[in-house]
Amino acid sequence: MTKKKYYFFILSLISANCFNAYSQEVKKDEPKHYIKPTFYINRLVTGKRTFKTNKNENYSFAQSNFGFYFPIYTNTKPNVGDKIGSVFQIIGTGNVSRAIPKFNFISSKHTLVRTNFGLSAMLNTGTKNVFFANVLPFIAEDRSSLQYKPSVRLTYMFIYNRTVSERFSYRIGYAKTYLLSGSPRQPILGIRVGKFDRFHFNFQYPRYVSFDWPLDEHITISLFNKVMGGIYGMRNVEFRGDTYNSVLFKRQEKLTGLEWDYKSDNLLSFFFSAGFVGNNSIILNEVSSKKINRYFLDVMRSNFIAAKLEPSLFINLGVQLSFGKAKKIYNNLSMYDAIDLNTNFGNGDNNDAMKSAPIPYIPSQLKLKAIQLKDVEDLFELEDIN
Amino acid sequence: MWYKYKIWWVIILTGFYSVAALSQNNDKKEKIESFKVAFITQKLNLTTKEAQLFWPVYNEYLDKIEVLKNSRKKELRSASINIESYSDKDLELMLDNEFLSKEKEVELGKEYFNKFKSVIPVKKVILLYKAEDEFKRELLRQISGK
């Protein structure tokens, strides 16, 4: 990141916090939003993957990701009789990912940075419908060269979610995403079977398939298969002299593994996942400087390298900090889906964030462990004892 | 190589430790609250439609009542610790605020009684109030270990 962008990023974080502080001051402690301002950082590392066609060539990939999201505007309309008022939310989001691909057949090192700032909007109408939209423009650059000209691209998505019951919801939508190596324009199709706070199955094309098992209010274990990928502009020094000053690097992989999430109700959460990375492919193709911002499939025919890779191992870990208070959402089923959409679809085009959304766990056994008088004294008043 | 960054590791780990310690107290409150929600869910036996309409209204009520109770308790707690440092006038004002806050709580109760009965039958609203009382007794019972 250049100094200017760094300052811009820091300023955005500060303004995000100031805005939130201001909006909390307006109504004296009463939470205004359903989503807490959240910062996250995570890191993905993969092992060396050899080419299927040429065992002498290999590639590995590491990525660090730092981002945040915060509520900008929430409008909760009051209920009229037995009709539940709608809830409209606008959420700001920002993300910087720093990727380092290592190719044993390319001598130069590349640090590929993608910076995005975007907006999500969610509308809950009645008790069953959630409309979700997300627009994320991003700047992709190769930090290893000052001569390299950054390129600007855009990802977006629209999703309609129907909460049929507490055990079932489905989603349909449309997205422009660079997670897949095919066309960036993809349909979104998803179903969830099972309650959010119990063992449930999630199929969310094209992002992930998972079995999620919340063990208690803190720990969730997930068995997942998810797609990760990206498109990056890379400075060219290896291929055909200086005819092409940029190379388009495209990667796609499918991660199958086990994730362990620790979710605190306040402030701190973290996750760790590990497993196999398979269905790997990388493509390096030529792009003239004039074409860099054009639809990348136009130049797919002129690949320098298009290779399928052997599977390998990966580790992905991250930490998340959430601040302030949010409105309570106990048993508010359509809001559960809205929060899940924001967590799993709203934060950049990386698909490497913590999987479990901040949805409250309602215990089935009415027995509290290690409870002491000081934990509950706030709940009692003098009248309760009379 | 790693020693270059060790100061950052110390800062990060200390930060996480403090944050984790800070979040523990809040976690207990949230845990008791989710226990209360489970208790009420079991006692009210709401239909799917009733539950979908009732819980957003009840959450709103919980948010508002929490703000009222917190501000009241904060004032009284600080006065009971440093009672000598408060003037009679300050203490009088504090008690006036206490009564005002309780009046507000009653008003809020009335307002939300009307809201509750528009989404669930009155009988279930009565069961809700009963369940809230039983929940407190249940907590005391569990603390005493009986």
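Residues numbered from 1 in each chain as written. Chains lettered and ligands numbered in written order. Predicted model: local features only at pLDDT ≥ 70, side-chain atom pairs only at ≥ 80, totals over all residues.

Asker: Even after reading the chapter, I still don't get the overall build of chain A, so can you show me in this structure?
Answerer: On a plain count of helices and strands, chain A comes out with four helices and 16 strands. For chain A, the residues scored as buried account for 42% of the 386 residues in total. Of the contacts formed within chain A by residues at least 6 apart in sequence, a portion of 61% connects residues at least 24 apart. (Helix = DSSP H or I, 4+ residues; strand = E, 2+ residues; numbered from the N terminus. Buried ≥ 20, exposed ≤ 12 C-beta atoms within 10 Å, placed from the backbone. Contact = placed C-beta atoms within 7 Å.)

Asker: Sorry if this is basic, but what is going on with the overall build of chain B here?
Answerer: Across its full length, chain B holds four helices and zero strands. Shown N-terminal to C-terminal, the secondary structure of chain B runs as helices and strands in the order α-α-α-α. For chain B, buried positions account for 13% of its 146 residues. A separation of at least 24 residues holds for 74% of the contacts in chain B among residues at least 6 apart in sequence.

Asker: How should I be thinking about the nonpolar core in this particular structure?
Answerer: For soluble globular proteins, nonpolar side chains are generally found buried alongside one another. Within the largest apolar cluster, 38 residues are counted, with the highest numbers of intra-cluster contacts made by Y336(A), I339(A), L341(A) and F54(B). Among the elements that take part in this core, helix α2 (residues 333-345) of chain A stands out by supplying seven residues, more than any other. Discounting chain neighbours no more than four positions away, the residues touching Y336(A) are F196(A), I329(A) and I359(A). (Core = buried A, V, L, I, M, F, W, Y, C linked by C-beta atoms within 7 Å.)

Asker: Which parts of the structure should I look at to understand the confidence of the model for chain B?
Answerer: Any region with low pLDDT has predicted coordinates that should not be read closely. Overall, the predicted model of chain B reaches an average pLDDT of 82, with 78% of residues at or above 70. With pTM at 0.84, the complex prediction returns an ipTM value of 0.81. (pLDDT = per-residue confidence, 0-100.)

Asker: Explanation requested: α2(A) in the structure shown.
Answerer: Each full turn of the α-helix corresponds to 3.6 residues, which orients residues three or four apart in the same direction. Compared with the 18 Å implied by 1.5 Å per residue over 13 residues, the 18 Å span of α2(A) between its first and last C-alpha is a close match. Within α2(A), 13 of the 13 residues are buried, which leaves it mostly tucked inside the rest of the structure. (Expected span 1.5 Å × (residues − 1).)

Asker: Sorry if this is basic, but what is going on with the pairing of strand β10 (residues 200-205) of chain A here?
Answerer: All names here are of chain A. Two elements, strand β9 (residues 185-193) and β10, share five bridges in a ladder whose sense is antiparallel. The partner of I191 across the bridge, within β10, is F203. Pairing geometry for β10 and strand β11 (residues 208-214), over five bridges, is antiparallel. Bridged to H200 within β11 is D212. Here β10 folds back onto β11, and the loop between the two strands holds two residues. (Pairing = 2+ DSSP bridges.)

Asker: Explain the pairing of β9(A) to me, please; I cannot follow it from the model alone.
Answerer: Across a regular strand the side chains alternate sides, sitting on one face of the sheet and then on the other. The pairing of strand β8 (residues 168-176) of chain A with β9(A) spans nine bridges and is classified as antiparallel. Counted as the bridge partner of Y174(A) is P187(A) from β9(A).

Asker: I'm lost on unusual backbone geometry in this one. Help?
Answerer: Residue and element names in this part refer to chain A. Geometrically, the link from Y205 to P206 is a cis peptide bond, its omega value of 0° lying close to zero. Secondary-structure assignment places P206 in the loop between β10 and β11. If you check the backbone angles, N279 has positive phi at about 45° while not being a glycine. Assignment of secondary structure puts N279 in strand β14 (residues 267-287).

Asker: Just checking my understanding: could you explain the environment of T111(A) for this structure?
Answerer: All names here are of chain A. Topologically, T111 is positioned in the loop between β4 (87-103) and β5 (112-125). A sequence separation of 32 residues divides T111 from R143, and the C-alpha atoms of the two residues are 5.3 Å apart. With near-sequence residues (within four places) excluded, T111 lies in contact with R98, I100, R143 and S144.

Asker: Would you mind showing me how to read the environment of L139(B) here?
Answerer: Relative to the assigned elements, L139(B) resides in helix α4 (residues 122-144). Separated by 104 residues in the primary sequence, L139(B) and F35(B) place their C-alpha atoms 9.8 Å from one another.

Asker: Looking at this structure, I do not really get the packing of helix α3 (residues 88-119) of chain B against α4(B). What am I missing?
Answerer: The relative placement of two packed helices comes down to the angle between their axes together with the axis-to-axis distance. Residue and element names in this part refer to chain B. With their axes 8 Å apart at the nearest point, α3 and α4 run at an angle of 130° to one another. By the angle between their axes, α3 is oblique relative to α4. As for how α3 packs across α4, the hand of that crossing is right-handed. Contacts from F113, F116 and K117 of α3 reach α4 at V122, V125 and L128. Taken together, the residues of the contact of α3 with α4 sort by class into five nonpolar, no polar and one charged. (Axes fitted to C-alpha atoms, helices over the stretch in contact; angles between N-to-C directions. Parallel < 35°, antiparallel > 145°, perpendicular 65-115°, else oblique. Left-handed = near helix turned anticlockwise from the far one by under 90°. Nonpolar A, V, L, I, M, F, W, Y, C, P; charged D, E, K, R; others polar.)

Asker: I would appreciate a short explanation of the confidence of the model for chain A in the present structure.
Answerer: Residue and element names in this part refer to chain A. Taken residue by residue, chain A gives an average pLDDT of 83. The fraction at 70 or more is 81%. Ranking the elements of chain A by mean pLDDT puts helix α1 (residues 3-26) last with 48 and β8 first with 97. Across residues 289-301, where pLDDT falls below 50, the model places 18 contacts with residues more than four positions away in sequence or in other chains.

Asker: I would appreciate a short explanation of the environment of K136(B) in the present structure.
Answerer: In this fold, K136(B) is placed in helix α4. Considered as a pair, K136(B) and K123(B) are 13 residues apart in the sequence and their alpha carbons are 21 Å apart.

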